There are 2 protein chains.
Amino acid sequence: MADKSSKTNKVSLSQVAKAAGVSKMTASRVLRGDGGYSEKTRALVMQKVDKLGYLPNRLASVFAGDQISTFVGVSIPDLGNEIFAQVLEGIDRKLGAFGHQTVLGLTQHTPEEEENWIRTVLSWQPAGLILTGRSHAPRAIEMLRNAAIPIVEIWDLNSSPLDMSVGINHFDAGFDMGRYLVGCGYRNIAYVGTSHDTANAATTRLAGFTKAVEGGGGRVTRHLCLHDTAAYYPGFYGTEQLLASTTDVECIFYQNDAMAFGGMQYCTANGMDVPGDIGIAGWGNLPIASVMPKRLTSMHVPHLKLGQVAAEMMLARLSGEPVVNYRDIGFKLIPGSTVKNVMARG
Amino acid sequence: MADKSSKTNKVSLSQVAKAAGVSKMTASRVLRGDGGYSEKTRALVMQKVDKLGYLPNRLASVFAGDQISTFVGVSIPDLGNEIFAQVLEGIDRKLGAFGHQTVLGLTQHTPEEEENWIRTVLSWQPAGLILTGRSHAPRAIEMLRNAAIPIVEIWDLNSSPLDMSVGINHFDAGFDMGRYLVGCGYRNIAYVGTSHDTANAATTRLAGFTKAVEGGGGRVTRHLCLHDTAAYYPGFYGTEQLLASTTDVECIFYQNDAMAFGGMQYCTANGMDVPGDIGIAGWGNLPIASVMPKRLTSMHVPHLKLGQVAAEMMLARLSGEPVVNYRDIGFKLIPGSTVKNVMARG
DNA sequence: TTGAAAGCGTTACCAA
DNA sequence: TTGGTAACGCTTTCAA
């Protein structure tokens, strides 16, 4: 009547073994395909596995053996930003194909959230961690060091990573964009992005951008929308706010293509011609760019690939292969036609 | 020289206990804040925890005690579709706020992928599962039944769910859109979406849509782009293909707003006026709609809320509260101005 | 080819 | 307020 097994009605290895009339060990070996058993035994055990609907308890096996867990913790700032959704997709697809599972952490760009998440996820004994960004709370860094597991920092390339790093140099990417716009003749340039408590890749990018623009004799007016994900509408109203408080802006550089598109919509809706009256530049070469009537001036970064490469580095490390712990996946400026060469006319 | 502890250099509870000169049990109680110890003991133990940098091993505690795991498995078709990214964000934020972790599974809309993922994730003894969609492989269903853990099926409302269900009735939503377009006077209507091996919510929607249109004396020409995520560019080229092979289409209904936007860009780029020459209707009321020059005719579904509600149902169930196991979160037609009332002129 | 015993880090249960 | 012991499901190690 009452099942002897305590609370759960889960089928355990010993029940399978008992049903098959062999020891736990033999059943265990069969299930892992370790070898060291007869074909007859194997067939018998597998039959019982099917019959009883046995599912291994990985909690127990990882815990018991020295086995490595198949969990990989992945921290992502937010999914409202399509860039990170793509990165996550790249990571999870690759990881999943190799039998690993993603434990997600949405950190909202704050080191505190990240620290808490790291503490929790480490307690699950993950095989490794993939973290977006390079700045972490001091206590997080300490925990990461102690954990002694593979760690990949992605997005903002870190020349002295905790362990491994993939991404691009955002300062350089920002600088290149700044130089390009200055080269087009723009001097009075604005930046519209979102604002966060912490320095992140966008901040670094803006620093590089500003350096290039100022170095070229121009100046950058910043407008940061508070606490919003970098999406279409913040681009729209950020532009509205910017233009209400500033005059003579010749060109706007946005945190990403979504914001750039939103901004461009604001401009055209208000009778401005792009790039005739104002130049627009985005960042990321996102899917939306593929259907815009004018090619958006932007910076291509292979997001999906970034995720895949991060996962590959993790997997290689986990399987003991040699790994380069630093990979620049590069970026490419897309001139587009939403900015024009101002020099040409004056 | 050599640390006695086997392979890992991880600090265990007994090491903390030993350092503090108490038993494992006392240390354990302190860490869980169970009560049943003196303040002096507590302080001593906590001091050693800090000093040694002890992190609990949740694998062990979930395994040992009757404790419930804090993992919740979440399956999502793909993240290229902004709708699902929003749903996932809603789920993870809510779950995270209550100390639970999301184990992600990207199923690519295939029941096989889902089945494999379910098998794996169940082996980690999750507290519960949140699954997108209502159709699952037979063996998956069997495993889910045996697992006897809370399960929330989301997106396509299931009147006889495995356990719990949140979402909307996609047939009805499709029907409403069909009725609306017919009511505007359109008769020769096309549908552009992506094609998958399995029936999914979009399929159901299309069925409802078709029924309404045909019931109103119209007809639906379908064009499905193979194996693409429902994004901007497939909407663009899907429209191109459709219009190349069909004539007299008066209005196009898309799988979602992203595709609708892509399609609209194709139309305007090719000299068609929207809605003058052709009507456009999307689905989802996605962020992109907020910056479009014309309000896009669409169907609003609260995606983020959907995710939050799913997580809330899961959390309520896990904490033993009474839960309604079926929740229709509703949808709302957005008339917009990318379709027009054709009746008016004829 | 097979099995018995010990142990992984923690908690439940009972005793002191 | 504390501690000892057993147990969770599995694997490692060693012996048969």
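The rules we used
Residues numbered from 1 in each chain as written. Chains lettered and ligands numbered in written order. Predicted model: local features only at pLDDT ≥ 70, side-chain atom pairs only at ≥ 80, totals over all residues. Heavy atoms only, no water. Core = buried A, V, L, I, M, F, W, Y, C linked by side-chain atoms within 4.5 Å. Buried < 20%, exposed > 50% of the residue type's maximum accessible area, 1.4 Å probe, protein only. Contact = heavy atoms within 4.5 Å. Pairing = 2+ DSSP bridges. Helix = DSSP H or I, 4+ residues; strand = E, 2+ residues; numbered from the N terminus. Right-handed = clockwise from strand over helix to strand, strands pointing away. Least-squares fit on C-alpha atoms with pLDDT ≥ 70 in both. Near = heavy atom within 4 Å. Polar contact = N/O pair within 3.5 Å; in protein donor to acceptor, adjacent residues only side chain to side chain. Nonpolar A, V, L, I, M, F, W, Y, C, P; charged D, E, K, R; others polar. Lys, Arg positive; Asp, Glu negative; His and termini not counted. Salt bridge = Lys/Arg side-chain N within 4 Å of Asp/Glu carboxyl O. UniProt positions renumbered as here; feature names shortened; annotations may be inferred. Phe/Tyr/Trp six-rings, centres within 6.5 Å; stacked < 30°, edge-to-face > 60°. Buried area = accessible area lost by both parts, 1.4 Å probe.

### Focus on the nonpolar core
Membership of the largest hydrophobic core comes to 154 residues, with the highest contact counts inside it found for I154(A), L181(A), I154(B) and L181(B). Leave out the neighbours within four places in its chain, and I154(B) touches V87(B), I91(B), I130(B), L131(B), T132(B), G133(B), V166(B), L306(B) and A310(B). Grouped together as the second largest cluster of nonpolar side chains are 36 residues, V103(A), L59(B), L122(B) and A140(B) included.

### A short note on the pairing of strand β7 (residues 219-226) of chain A
Residues and elements named next belong to chain A. Pairing geometry for strand β6 (residues 188-195) and β7, over eight bridges, is parallel. Each residue of the ladder has a partner; that of Y191, found in β7, is R222. For the crossover that starts at β6, traverses helix α9 (residues 201-215) and ends in the parallel β7, the hand is right-handed.

### Overview of the relation of the copies chain B and chain A
Placing chain B over chain A gives an RMSD of 0.1 Å and needs a rotation angle of 180°, together with 0.0 Å of translation along the axis. Expressed as a symmetry operation, the mapping of one chain copy onto the other fits a two-fold axis. Relative to the rotation axis, the C-alpha of V103(B) is the closest in chain B, positioned 2.2 Å from it. Interface overlap between copies is the fraction of interface residues in one copy that are interface residues in the other; for chain B against chain A it reaches 100%, indicating a shared surface.

### A look at the protein's contact with DNA strand D
Around DNA strand D, a shell composed of 26 residues is seen, among which L13(A), S28(A), Y54(A), R29(B) and T41(B) lie nearest. Sugar and phosphate atoms constitute 56% of the interface atoms of DNA strand D, taking the interface as everything within 4 Å of the protein. Between K24(A) and DNA strand D, the recorded distance is 2.6 Å, taken from a side-chain N or O atom to a base nitrogen. One of the backbone nitrogen or oxygen atoms of S23(B) is found 2.9 Å away from a phosphate oxygen of DNA strand D. Elements that contribute at least two residues to the surface near DNA strand D include exactly α2 (24-32) and α4 (58-64) of chain A together with α2 (24-32) and α4 (58-64) of chain B. Within the surface near DNA strand D, the residues separate by chemical class into 12 nonpolar, 11 polar and three charged.

### Examining the side chain of D92(A)
Structurally, D92(A) can be placed in helix α5 (residues 82-97). Buried within the structure, D92(A) lacks any salt-bridge partner; R93(A) is the closest side chain of opposite charge, at an N-O distance of 5.9 Å. Contact partners of D92(A), with chain neighbours within four places excluded, come to T102(A), L104(B), G105(B) and L106(B).

### Concerning the UniProt feature "domain: HTH lacI-type" (unreviewed entry) in chain A
UniProt's entry tags residues 11-65 of chain A with the feature "domain: HTH lacI-type" (unreviewed entry), counted in the numbering of this structure. Taken end to end, residues 11-65 of chain A is 69% helix and 0% strand, and its two terminal C-alpha atoms sit 20 Å from one another.

### Some points on the protein's contact with DNA strand C
Close contacts around DNA strand C come from 26 residues, with R29(A), T41(A), L13(B), S28(B) and Y54(B) the closest. The sugar-phosphate share of atoms of DNA strand C within 4 Å of the protein amounts to 55%. One of the backbone nitrogen or oxygen atoms of S23(A) is found 2.9 Å away from a phosphate oxygen of DNA strand C. Taking K24(B), its side chain carries an N or O atom lying 2.9 Å from a base oxygen of DNA strand C. Mapped by element, the contributors of at least two residues to the surface near DNA strand C are α2 and α4 of chain A together with α2 and α4 of chain B.

### Remarks on unusual backbone geometry
Residue and element names in this part refer to chain A. In this chain, V274 is followed by P275 through a cis amide linkage whose omega measures 5°. In this structure, Q125 is a non-glycine residue whose phi angle is positive, near 55°. Residue class for Q125 comes out buried when judged on its relative accessible area of 13%. At W155, a residue that is not glycine, the phi angle is positive and equals roughly 85°. Position of W155 relative to the elements: it lies in strand β4 (residues 151-156). On the basis of relative accessibility, which here comes to 7%, the residue W155 falls in the buried class.

### Quick notes on the packing of aromatic side chains
This structure, assessed with the given rule, holds 21 aromatic pairs over all chains. Relative to Y266(A), the ring of F236(A) lies with its centre 5.4 Å away and its plane at 85°, an arrangement referred to as edge-to-face. Here the residue F236(A) occupies a position in helix α10 (residues 232-245), and Y266(A) occupies one in helix α11 (residues 257-269), the gap between them amounting to 30 residues. In this structure F236(A) comes out as buried when scored by relative accessible area, which is 18%. Judged by relative accessible area, which is 11%, Y266(A) ranks as buried. Put simply, the rings of F71(A), W124(A), F71(B) and W124(B) pair up and form one aromatic cluster.

### Examining the interface of chain B and chain A
The interface is formed by 51 residues belonging to chain B together with 51 residues belonging to chain A. When chain B packs against chain A, close to 4,900 Å² is buried across both sides, 65% of that on carbon and sulfur atoms. Of all residues in chain B, L59(B), W124(B) and V291(B) bury the most surface against chain A, accounting for 15% of the area lost on that side. Linking chain B with chain A are zero salt bridges, by the criterion used here. At the boundary of chain B with chain A, the tally comes to 17 residue pairs in polar contact (both at pLDDT 80 or more). Listing elements by their share of the side of chain B that touches chain A, those giving two or more residues are α4, α5 (82-97), β2 (101-106), α6 (111-122), α7 (138-147), α10 (232-245) and α11 (257-269) of chain B. It is β2(B) that contributes the most residues to the side of chain B that touches chain A, six residues altogether. Here the side of chain B that touches chain A is composed, by residue class, of 26 nonpolar, 16 polar and nine charged. Of the strand pairs in this sheet, strand β2 (residues 101-106) of chain A and β2(B) are connected by three bridges, and their pairing is antiparallel. Within β2(B), the residue paired with L104(A) across the bridge is T102(B).

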